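If you want the building blocks of each chain, they are given just below.
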Amino acid sequence: MARELASENVRMIADPAPLGLAAFALTTFLLSLFNAGLLPVAGEPIVFGVALAYGGVAQVLAGMWEFRRGNVFGATAFTSYGAFWISFWAFVTFYAADIPDATDRETAVGWYLIGWGLFTLVLWVASLQTTAALALLFTLLAVTFFLLGFGDVAHNDGLTTIGGYLGLLTAAVAWYACLAGVSASTFGRAVLPNPPLYKL
């Protein structure tokens, strides 16, 4: 009886995935505008507050609710990328000045991004058993991380610009997946196609 009650309580928790996807999408979109060179670098601090509050805290909360729902993939992804945005905010706010040489700082950030790219590859493998939108999202995200990372390591602005544009596409796919989840809830049926890959 206790197990049945616990199971019912879990079912009563709303799906946190659209929140996590929305938080990831908006923060990625804003930063990618600067990486792509579409906005002047002087305006980049606008990203930091969003990175902390929405991309960071909101995503970590979504990850915690995914743990409660028993979704290991969602919990790992949202909690990790929420921590990514918080660590990004913390580095820029508190620690970047501790690396006075701009070239060394850029190289360090590059390897930081490459490390996240490797982690994203791990999740990409797991995403192949989720849905088409999520698999596409993790494919684009992995390539984005590697382009931005190698762009910083090689001090190649061209790679960073391409990574910025790919980041915009990644954000668009995340928003699509978010809308697919939210609309399925509000309409009570699937509105946007997002087929499960494990049934294909």
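> Sorry, what's going on with the overall build of the protein here?
Secondary structure assignment for the protein yields seven helices and zero strands. Reading the protein from its N terminus to its C terminus gives the helix and strand order α-α-α-α-α-α-α. Taking 16 Å as the expected radius of gyration for a compact globule of 200 residues, we find that the protein reaches 18 Å, a close match to that expectation. Burial statistics for the protein: of 200 residues in total, 42% are counted as buried. Sequence-distant contacts in the protein: of pairs separated by 6 or more residues, those separated by 24 or more amount to 70%. Total accessible area computed for the protein in this model is approximately 10,400 Å², and 71% of it derives from carbon and sulfur atoms. Charged side chains in the protein number 7 positive and 11 negative. The centres of these two groups are separated by 23 Å.

> Any chance you could explain the environment of G82 here in plain terms?
Looking at the element boundaries, G82 is found in helix 4 (residues 72-95). Setting aside chain neighbours within four positions, we find G82 in contact with G55, G56, Q59 and V60.

> How should the packing of helix 6 (residues 132-153) against helix 7 (residues 157-187) be read in this particular structure?
Relative placement of two packed helices is described by the angle separating their axes and the distance separating the axes. At a closest axis distance of 8 Å, the pairing of helix 6 and helix 7 adopts a crossing angle of 160°. With respect to helix 7, the element helix 6 is oriented roughly antiparallel. Handedness of the helix 6/helix 7 crossing: left-handed.

> Is there a simple way to think about unusual backbone geometry in this case?
It is generally the case that most residues other than glycine have a negative phi and that most peptide bonds are trans. The residue H155 is not glycine, and still its phi comes out positive at about 55°. Tracing the chain through its elements places H155 in the loop between helix 6 and helix 7.

> When you look at the side chain of Q59 in this model, what are you seeing that I'm missing?
If you trace the backbone, Q59 turns up in helix 3 (residues 46-69). What makes Q59 buried here is its relative accessible area of 1%. Apart from residues lying up to four places away in sequence, Q59 is in contact with G20, A23, F24, Y54, F78, T79, Y81, G82 and W85.

> Help me understand the packing of aromatic side chains in this model?
The relative placement of two aromatic rings is captured by the distance of their centres and the angle of their planes. Applying the stated criterion across every chain yields a total of 17 aromatic pairs. For the pair W116 and F119, a centre-to-centre distance of 5.7 Å together with 90° between the ring planes defines the contact as edge-to-face. Placement of both W116 and F119 in helix 5 (residues 102-127) is noted, with a separation of three residues, approximately one turn of the helix. Classification of W116 as buried rests on a relative accessible area of 16%. For F119, a relative accessible area of 23% translates into the label partly exposed. Relative to F150, the ring of F146 lies with its centre 6.3 Å away and its plane at 25°, an arrangement referred to as stacked. On the criterion of helical spacing, the pair formed by F146 and F150 is a turn pair, its members being four residues apart in helix 6. By way of ring pairs, the aromatic residues F24, F48, F73, Y81, F84, W85, F88, Y112, W116, F119, F138 and F145 are connected into one cluster.

> Would you take a moment to explain the environment of A90 for this structure?
Assignment of secondary structure puts A90 in helix 4. Residue A90 is classed as buried on the basis of its relative accessible area of 15%. Measuring from C-alpha to C-alpha, the distance between A90 and E66 comes to 25 Å, with 24 residues separating the pair along the chain.

Cut-offs applied
- Residues numbered from 1 in each chain as written.
- Predicted model: local features only at pLDDT ≥ 70, side-chain atom pairs only at ≥ 80, totals over all residues.
- Heavy atoms only, no water.
- Helix = DSSP H or I, 4+ residues; strand = E, 2+ residues; numbered from the N terminus.
- Rg over C-alpha atoms; globule rule 2.2 N^0.38 Å.
- Buried < 20%, exposed > 50% of the residue type's maximum accessible area, 1.4 Å probe, protein only.
- Contact = heavy atoms within 4.5 Å.
- Areas by Shrake-Rupley, 256 points an atom, 1.4 Å probe, with all protein chains shown as cover.
- Lys, Arg positive; Asp, Glu negative; His and termini not counted.
- Charge placed at Lys NZ, Arg CZ, Asp CG, Glu CD.
- Axes fitted to C-alpha atoms, helices over the stretch in contact; angles between N-to-C directions.
- Parallel < 35°, antiparallel > 145°, perpendicular 65-115°, else oblique.
- Left-handed = near helix turned anticlockwise from the far one by under 90°.
- Phe/Tyr/Trp six-rings, centres within 6.5 Å; stacked < 30°, edge-to-face > 60°.

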